[in-house]
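Residue-level structure breakdown
Chain residues, written in single-letter form:
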Amino acid sequence: RGTPTLQAVLVLAVVLVGLWAPHVVYGQPNFIIILADDVGWGDLGANWAETKETPHLDQLAAEGTRFVDFHSAASTCSPSRASLLTGRLGVRNGVTHNFAITSVGGLPLNETTLAEVLQEAGYSTGAIGKWHLGHHGGHHPNFRGFDYYFGIPYSHDMGCTDTPSYNLPPCPPCPRHSAAARMARKDCYTEVALPLFENVTIVQQPVNLSSLATRYAEEAAQFIQQASDSRRPFFLYLALAHMHVPLWDPLSPPASGRGIYGSSLSEMDALVGRIKQVADSHGKGNTLVWFTGDNGPWAQKCELAGRLGPFVGAWQRHRGGSSAKQTTWEGGHRVPAVVYWPGHIPAKRTSHALLSTLDIFPTLVALAGAALPPNRRLDGLDVSPVLFGWSDEGHEVLLHPNSGAAGKEGEIEALRLAQYKAFYTTGGALACDGSTGPAEHHQPPLVFNLDRDIQEQEPLDVASREYQAVLPVISRAYARALEDIAADNVSVADYSKDPAVVPCCSTQHVACRCHGAHAATLELHVETRTTRLCL
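A brief look at the structure comes next. If you're wondering where the values come from, they're calculated on a predicted model, not measured in any experiment.

Another aspect to go through is the packing of helix α7 (residues 212–229) against helix α8 (residues 259–281). Angle between the axes and distance between the axes are the two parameters that describe a pair of packed helices. For the pair α7 and α8, interaxial distance at closest approach is 10 Å and the crossing angle is 10°. Between α7 and α8, the angle falls in the class roughly parallel. Packed against α7, whose contacting residues are Ala-213, Ala-217, Glu-218, Ala-220, Ala-221 and Ile-224, the element α8 presents Glu-267, Leu-271, Arg-274, Ile-275 and Val-278 at the interface. Here the residues of the contact of α7 with α8 sort into eight nonpolar, no polar and three charged.

Let's shift gears to the sheet that holds strand β16 (residues 437–449). What the four strands build is an open sheet, ordered β13-β14-β15-β16; its pairing is antiparallel. Because the sheet does not close on itself, it has two edges, and the strands there are β13 (397–401) and β16. Adjacent strand axes in the sheet meet at a mean angle of 25°, parallel and antiparallel pairs treated alike. Note: strand β15 (residues 420–428) against β16, seven bridges, orientation antiparallel. Residue pairing in the sheet places Phe-423 in a bridge with Leu-446 of β16. The strands that helix α13 (residues 465–486) touches are β13, β14 (412–417), β15 and β16; relative to β14, the one it contacts most, it runs at about 120°.

At a minimum axis separation of 7 Å, helix α2 (residues 55–63) and α8 run at an interaxial angle of 45°. Relative to α8, α2 is oriented oblique. Mapping the contact onto sequence places Pro-55, His-56, Leu-57, Leu-60 and Glu-63 in α2 and Met-268, Asp-269, Ala-270, Val-272, Gly-273 and Lys-276 in α8. In terms of residue class, the contact of α2 with α8 is made up of six nonpolar, two polar and three charged.

Turning to the nonpolar core, a few remarks are in order. Formed by 56 residues in total, the largest nonpolar core has its most connected members in Ile-32, Ile-34 and Leu-236. Apart from the residues within four sequence positions on either side, Leu-236 is in contact with Phe-31, Ile-32, Ile-33, Gly-126, Ile-128, Ala-220, Phe-223 and Ile-224. Judged by nonpolar contacts, the second largest core, of 49 residues, contains Ala-127, Tyr-237, Val-335 and Tyr-495.

Another aspect to go through is the environment of His-56. Mapped onto the elements, His-56 comes out in helix α2. A relative accessible area of 39% means that His-56 is categorised as partly exposed. Spatially, the C-alpha atoms of His-56 and Ala-270 are 6.5 Å apart, while their sequence positions differ by 214 residues. For His-56, the residues in contact, after removing those within four places along its chain, are Asp-269, Ala-270 and Gly-273. A distance of 2.8 Å separates polar atoms of two side chains, one belonging to His-56 and the other to Asp-269.

Okay, the state of the cysteines next. Under the criterion given, the structure shown has five disulfides. With its sulfur 2.1 Å from that of its partner, Cys-302 forms a disulfide with Cys-432. Residues Cys-302 and Cys-432 are joined by a disulfide whose S-S torsion is about 110°; by sign, that bridge is right-handed. One end of the pair, Cys-302, is in the loop between β9 (287–293) and α9 (314–317); the other, Cys-432, is in the loop between β15 and β16, with 130 residues separating them in the sequence. According to the relative accessible area criterion, Cys-432 is partly exposed, its value standing at 44%. There is a disulfide in this structure between Cys-505 and Cys-514, and the S-S distance comes to 1.7 Å. Judged by relative accessible area, Cys-505 falls into the buried class, the value being 0%. Shown here for the chain is a disulfide pattern of 1-3, 2-4, 5-6, 7-9, 8-10, where each number marks a bonded cysteine counted in sequence order.

Rules behind the numbers
Every chain begins its residue count from 1, and numbering advances along the sequence as written. Whole-chain, interface and lining totals are the exception, using all residues; otherwise, since this is a predicted model, local features are given only for residues with pLDDT of at least 70 and side-chain atom pairs are given and counted only at 80 or more. For the side-chain quantities, the full set of heavy atoms in the structure was used; hydrogens and water were omitted. In this description, a line fitted to the C-alpha atoms serves as the axis of each element, helices being fitted only across the stretch in contact, and the angle between N-to-C directions of two axes falls anywhere from 0 to 180 degrees. Going along the chain from the N terminus, every DSSP run of H or I of four or more residues is numbered as a helix, and every run of E of two or more is numbered as a strand. In this scheme, roughly parallel covers angles under 35 degrees and roughly antiparallel covers those over 145, while 65 to 115 is roughly perpendicular and the rest are oblique. A contact between two residues is defined here by any heavy atoms of the two lying within 4.5 Å. In this classification, the charged set is Asp, Glu, Lys and Arg, the nonpolar set is Ala, Val, Leu, Ile, Met, Phe, Trp, Tyr, Cys and Pro, and all remaining amino acids, among them Gly, are polar. Any two strands with at least two DSSP bridges between them are considered paired. The nonpolar core is taken to be a set of buried Ala, Val, Leu, Ile, Met, Phe, Trp, Tyr and Cys residues, with the residues joined through side-chain atoms within 4.5 Å. Each residue is placed in one exposure class: buried if its accessible area under a 1.4 Å probe, protein chains only, is under 20% of its type's maximum, exposed if it is over 50%, and partly exposed if it falls in between. Each polar contact in these results corresponds to two N or O atoms within 3.5 Å; when the atoms are within protein, one needs to be able to donate a hydrogen and the other to accept it, and residues that are neighboring in sequence are counted only if both atoms are side-chain atoms. Any two cysteine sulfur atoms lying within 2.5 Å of each other are counted as a disulfide.

Right, dumping it as structure tokens:
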């Protein structure tokens, strides 16, 4: 038993590094983040047995790890997306509510995005789908770290189309004559058509929603192919239009018992299945795929809204209003989450770690071997040990910002501590039945034990020993969180509006309509010499 040779030691070191290292190709893994819109926790069949429309997502969960206590960083679009791409809550990054089609600003330019960090680390970066973090000037995705962008700069209900599809209330198609454009419809955009961008060029206006999913899948596949051909690692941020209204039915009659929503859910599932297939074809085990949602279902859309699963917010429902999107009830921010990375992330595993979309930023930066941006504090954690199955410990405390239903938007008035959920303010968003739940302030806070009461039905009795024991811990955690935010370098978003920044490929036509693909391209080449791209 002599001293090991140098060669043996080197071989052993290589083996140990290979077993530990979280990336295998070119020293860095590829990343695909798939963000569904307004998807419910119960819209994933692996989460909720009643859901039958997601076989590809269920297979993704079977071959990867499913996270059942996973949360969006906010309960509405822009703040949730800003937090995913910065690892910081809206009270830090400045994005506290949604941007409009007339918004001059966006995610503050002094905030560093995940794409910027990975781009600096040598990644090819692409964003496909919904942006909603500002489209004017330097807020466009091409100037926020993405080499390539293809998609709609905000939600696809924020402009008229010739294929309006299903919404509540239903919206009319884009006008073709100027008189029609002046007919206002509540909750509908009737004057400006929905634009589709490729990088900084509008390639279609209005967008054809019926073919949008196919185009997104094709663009994603092409981006992956080109990045693979370049032998550079890639980061693809695929922000789907599904399951936000308007929904379209790819099958007529609907193949699902859930009608239009079920058919659209099936289409989303097939799109995810195709992306997985493309990623695997370029080397199974080279790419981490992370599927999740931006917030819970939009309940006021009735049968066009998703499933909450068991997270019904019963206390709020008894008082009126929805307990889903825009609220800080579980249904507003608990979202499906699956992470797939063959050979690295355990298959057939369910994790109960308390995680968030905030964690995507620091985790991917760590896996890429890149450095976090300095001079700012993150709300997200590097949860790679949880992904690899080495740990099931996530956040000790997770903050839930107000997202439109009650309280000042972006403020922190609800938080999670282990199994306990505390509310200093409650309120219900607009529900299917037209009711809303008025804001109520609670001092001391309402506290629910989610281990026993996942429906958030009955808060702890303030006189109980359990409440008296946990309240001081919650109060200290809440005070520490607010102190940490107050001491941070926080940003302020510009929410000013100007009709001149609305994306418009042709001001000569009603609703900014482009006449056919060839004419639109020709017009755009001419009009990029003026101000029509709003950059």
